[in-house]
Amino acid sequence: MSNSPNPLQASKPLKAGDHLFLVDGSSYIFRAYHALPPLTRKSDGMPVGAVSGFCNMLWKLVREDVAGEKPTHLAVIFDHSSKTFRNDLYDQYKAHRPEAPEDLRPQFGLIREATRAFDIPSIEQEGFEADDLIATYARQAREAGATCLIFSSDKDLMQLVGNGVMMYDPMKDKRIGAPEVFEKFGVQPDRVVDVQSLAGDSVDNVPGVPGIGIKTAALLIEEYGDLDTLLARAGEIKQPKRREALLENAEMARISRQLVTLKDDVPPIESIEDFAVRPPNPEKLIAFLKAMEFTTIVRRVADAYKFNAADVTADVNNQGVRREVDHAAPPPQSDAPTPQDLAAQRKDWGAKIRFEGKAPTIITEVATLSNWTARAIDQGFCGLRILASSIDPMQADLIGVALALDHGTACYIPLQHRSSASDDLFTGAALVQGQVKLAEALEVLKPMFENASVLKSAHDMKFASILLQQHSITLRGLDDVMMMSYTLEAGRNGQGLEELCEVHLNHALPAFSEVGGSGKNAAGIARAPVEKAAAYAADVADAILCLARVLKPRLPAERMTTVYETLERPMIDTLKRMEMRGIGIDRQILSRLSGEFAQKMGALEAEAYELAGENFNLGSPKQLGDILFGKMGAAGGTKTKTGAWSTSASILDDLAAQGNVLASRILDWRQLAKLTSNYTDALPSYVHPQTKRVHTSYALASTTTGRLSSVEPNLQNIPIRTESGRKIRTAFIAAPGHKLISADYSQIELRLLAHIADIPQLKKAFAEGLDIHAMTASEMFNVPVEGMPSDVRRRAKAINFGIIYGISAFGLANQLGIGREEAGSYIKKYFERFPGIRDYMEVTKKFSRDNGYVLTIFGRKCHYPRINSPNVAERANMERASINAPIQGSAADIIRRAMVRMDDELALHKLSAQMLLQVHDELVFEVPDSEVEATLPVVRKVMVDAPEPAIKLSVPLQVDARAAQNWGDAH
């Protein structure tokens with residue numbers, strides 16, 4: 001190892017063709033801080049999370065092409081902690097900015113040290129802001145004929161764009177030029193200052209002109225040309241309020257212009273020539289990183305420069321990294337801990353979250369709300385909680401909104417709280433005084449809600465997204481802590497907010513029912529006292545932000561980012577669109593089916609009475625049990641804890657398989673009763689009063705395997721293999737001039753079994769398009785496929801599908817109506833013919849026992865924490881579930897991928913088809929009659945290609961898609 005210092009390059013004048021990169025250090029600091037969980041140095045507890053993120057960003061600048069080019073000159077520009085000339089102009093400038101968080105303040109100086117350790121100039125100057133220095137250096141670059149790229153998304157810097165100067169937002173990997181500035185301000189960059197002078201800035205406390213926002217300011221500047229002309233001709237403006245505001249506040253507009261105009265003539269301490277890029281001294285850099293205890297990036301630096309990191313001592317005193325100094329951002333990639341480190345740190349992370357019951361801010365003025373939303377936009381993130389009058393977002397009223405900007409900094413905006421003067425929520429119940437008017441509040445919130453660069457964290461973001469869409473607000477920039485936890489913990493715990501707070505934060509969140517009641521119509525929240533609702537909602541928004549900080553970093557550390565970003569988060573918008581579209585039903589068909597089912601049930605009742613020798617209530621388990629086991633002496637009866645005979649579906653199935661006619665008739669009666677109560681009688685009550693359609697709701701996080709479930713109403717449980725179920729599907733109809741398309745994966749789970757277990761015979765059969773059940777029967781029973789008896793094929797089919805779910809000899813015997821010994825011999829022979837399946841099962845069970853989870857082919861984790869249970873029955877059940885999960889979970893992932901891609905692909909082909917329903921392996925669309933033929937191949941292609949490019953399946957997928965006027969005929 002050489003002890004010689006790194007020879008610095010000589011100063012290098014900037015010339016035409018050079019590229020100057022200027023990094024807005026201060027904004028990066030705060031983003032890095034909020035993107036990471038609390039991270040401390042083990043040796044002394046020093047907080048270093050923001051430092052870690054900043055170091056990774058600098059490493060990327062040093063080692064990679066960023067924004068498509070490399071710099072010839074590079075510097076990081078920081079804000080100085082002193083007051084600036086703007087405070088002398090206007091003493092209230094930035095007066096309301098909150099102090100930096102306690103654990104961030106010690107990192108300001110460390111980040112400056114990090115910059116110098118990378119041999120990158122760290123620039124700041126007393127009396128001026130970082131933006132003024134950036135403006136000065138950008139002007140110098142332009143005058144030298146060089147280009148300048150400013151690493152920031154700060155709107156205040158957009159006035160500099162043009163003539164070789166651009167901005168770059170690394171969080172979005174997006175350049176910001178004149179078109180993007182125009183999109184933001186409605187004017188070209190050279191008029192941004194004029195617009196800001198009128199609109200002001202609540203975050204920096206720039207006054208502007210009251211009542212004039214960005215849009216109005218842009219219109220005025222476009223009409224009058226510039227600020228001076230506008231102010232000189234303000235008396236000509238026709239709108240009285242606008243004219244008065246401009247005349248009365250003309251001087252404030254001029255002061256605001258001085259505050260927002262960046263000085264590009266600062267006499268800088270450091271010359272731009274000294275920014276010439278040079279490689280870092282690896283010994284110096286590694287010493288700093290080792291002192292910070294960033295082991296991962298130490299390895300990267302050592303590998304890149306072929307340097308022996310073990311020879312470098314962390315010289316703490318020389319580096320100065322133990323000092324607590326001064327100022328602050330999200331990293332492109334953190335120095336993430338290993339999964340083993342995370343396991344040890346999880347409790348520690350949760351322990352650092354403290355809920356101290358601070359009273360939240362209750363917002364009753366539009367101006368105060370504007371300040372909060374501006375702060376959210378400025379920092380780029382917030383926690384969000386919506387309070388609504390119902391669990392149905394399509395029909396709920398918006399009662400209030402809570403925002404959290406940081407831990408302990410949250411507000412509540414009451415919007416439609418009502419007095420408790422009436423039992424009816426909105427009849428005779430007046431609005432509580434002192435609330436922001438709903439329309440005014442939404443006008444202020446909408447720009448922040450629709451700003452994709454503001455990351456909004458919520459729990460069950462789909463609900464909030466659908467509810468706000470009713471008010472013409474499209475939520476963008478979504479993050480969902482429920483889906484983060486589901487990605488990481490599916491099967492280990494539930495995903496309700498109260499449980500997540502207990503599990504991940506060790507915090508007992510107040511139950512919603514304590515504030516707003518419970519049940520389908522939780523309208524009590526609207527009549528809850530505003531203070532009580534505010535305390536609850538603000539605590540929830542705060543908790544959500546804390547959950548995001550705990551869970552988000554685990555995704556890359558546990559290699560689950562791809563699952564979250566490609567299979568979970570995009571589904572929020574996909575399902576929002578599907579649920580809001582709904583599907584039409586034919587009430588007359590349902591009414592006719594109710595009558596038909598009632599007649600059949602009556603006939604079954606009469607037959608049951610005759611078989612039992614007496615009349616009884618077929619819906620009474622007690623009466624049925626007494627007759628079946630007490631009176632008729634049926635074998636196999638068991639009693640429940642209450643002493644009554646059990647008449648569960650599995651017991652009746654067993655009896656029916658043994659030839660018990662009464663049990664068989666009861667099963668038929670129960671099926672019709674269920675179809676009547678759940679569908680033919682119930683569906684009309686779900687018709688939305690405005691859309692006249694049925695809108696189901698999809699639960700994203702309710703199964704261990706990633707399968708969606710449908711509720712209110714459940715449209716996934718309509719049986720397709722029974723005549724009665726198929727009749728119910730005919731009641732789901734297309735709108736006039738349209739058809740329904742049903743697109744269904746054919747035998748997808750068997751295909752995935754062939755791929756995952758690597759079964760040559762099955763893969764060959766699927767590749768050649770053979771009848772898989774006939775092929776299986778031929779392999780097992782040595783009979784030719786041609787002319788095969790139907791009962792032989794039926795047995796093979798039952799085994800093929802049963803094997804996936806770990807069917808037993810007892811279960812197969814019942815299904816086929818054969819003896820248990822014969823069924824056992826079939827299963828044995830099946831494994832002999834396809835030994836790879838048995839191997840797959842044993843390997844999967846062992847993996848699950850060793851790790852507590854199994855993986856789908858896309859990397860989804862399905863947890864089975866009770867697989868090593870001492871209870872034999874429970875353990876066997878967990879083993880069967882573990883065997884099935886990689887197959888069922890992979891099928892769920894494939895259809896999710898298809899759904900996420902579908903709308904964009906249809907739009908690309910200029911097709912107006914709309915995806916309405918997902919039922920396990922099937923998607924249902926509504927399509928104009930004229931587009932049916934063009935839509936079918938597009939739908940098939942998206943579904944078949946869904947696994948690519950993530951996974952190359954060794955078997956082809958097949959999708960059957962048909963169109964008809966109703967769902968039953970289309971399937």
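Note that the structure is predicted; figures quoted are calculated from it, not measured. (Residues numbered from 1 in each chain as written. Predicted model: local features only at pLDDT ≥ 70, side-chain atom pairs only at ≥ 80, totals over all residues. Heavy atoms only, no water.)

Draft legend 1. Summary view of the packing of aromatic side chains. Evaluated as defined, the whole model comprises 13 aromatic pairs. Counting every residue linked through ring pairs, the aromatic cluster contains Phe21, Phe151 and Tyr168. Directly above the ring of Phe78 sits Arg112, whose terminal nitrogen or CZ lies 4.5 Å from the centroid. The aromatic ring of Trp967 is capped on one face by Arg729, whose charged end is 4.1 Å from the ring centroid. (Phe/Tyr/Trp six-rings, centres within 6.5 Å; stacked < 30°, edge-to-face > 60°. Lys NZ or Arg CZ within 6 Å of the ring centre and 35° of its normal.)

Draft legend 2. Spatial organisation of helix H12 (residues 282-292). A large share of H12 lies buried, amounting to eight of its 11 residues. A side-chain oxygen of the first residue of H12 lies 2.9 Å from the backbone nitrogen of Glu283; this N-cap is Asn281. Trailing H12 by a residue or two, Glu293 shows a phi angle of about 70 degrees, which is positive. (Buried < 20%, exposed > 50% of the residue type's maximum accessible area, 1.4 Å probe, protein only. Helix = DSSP H or I, 4+ residues; strand = E, 2+ residues; numbered from the N terminus. Polar contact = N/O pair within 3.5 Å; in protein donor to acceptor, adjacent residues only side chain to side chain.)

Draft legend 3. Structural context of the nonpolar core. Grouped together as the largest cluster of nonpolar side chains are 197 residues, with contacts concentrated most on Val401, Tyr745, Ile837 and Phe925. Looking at this core, the element that brings in the most residues is helix H23 (residues 530-551), giving 15 residues. Other than its neighbours up to four places away in sequence, Phe925 contacts Lys739, Leu740, Ile741, Ala743, Met902, Leu906, Gln914, Met915, Leu916 and Val939. Formed by 50 residues, the second largest nonpolar core is a distinct cluster that contains Met167, Val187, Val209 and Leu262. (Core = buried A, V, L, I, M, F, W, Y, C linked by side-chain atoms within 4.5 Å. Contact = heavy atoms within 4.5 Å.)

Draft legend 4. Just the environment of Gly859, in detail. When you line up the elements, Gly859 lands in the loop between strand E18 (853-855) and strand E19 (861-863). Under the relative-accessibility criterion, Gly859 is labelled partly exposed at 23%. Sequence-wise, Gly859 and Asp744 are 115 residues apart; in three dimensions their C-alpha atoms are separated by 24 Å. Those residues in contact with Gly859 that lie beyond four places of it in its chain are Met560 and Val563.

Draft legend 5. Expanded view of helix H25 (residues 561-581). The first and last C-alpha atoms of H25 sit 30 Å apart over 21 residues, in line with the 30 Å expected at 1.5 Å per residue. Residue Met571 marks the point of greatest curvature in H25, where the axis turns by about 40 degrees. Burial in H25 covers these residues: Val563, Tyr564, Leu567, Glu568, Met571, Ile572, Thr574, Leu575, Lys576, Met578, Glu579 and Arg581. (Expected span 1.5 Å × (residues − 1). Bend = angle between axes of the 7 residues up to and from the residue.)

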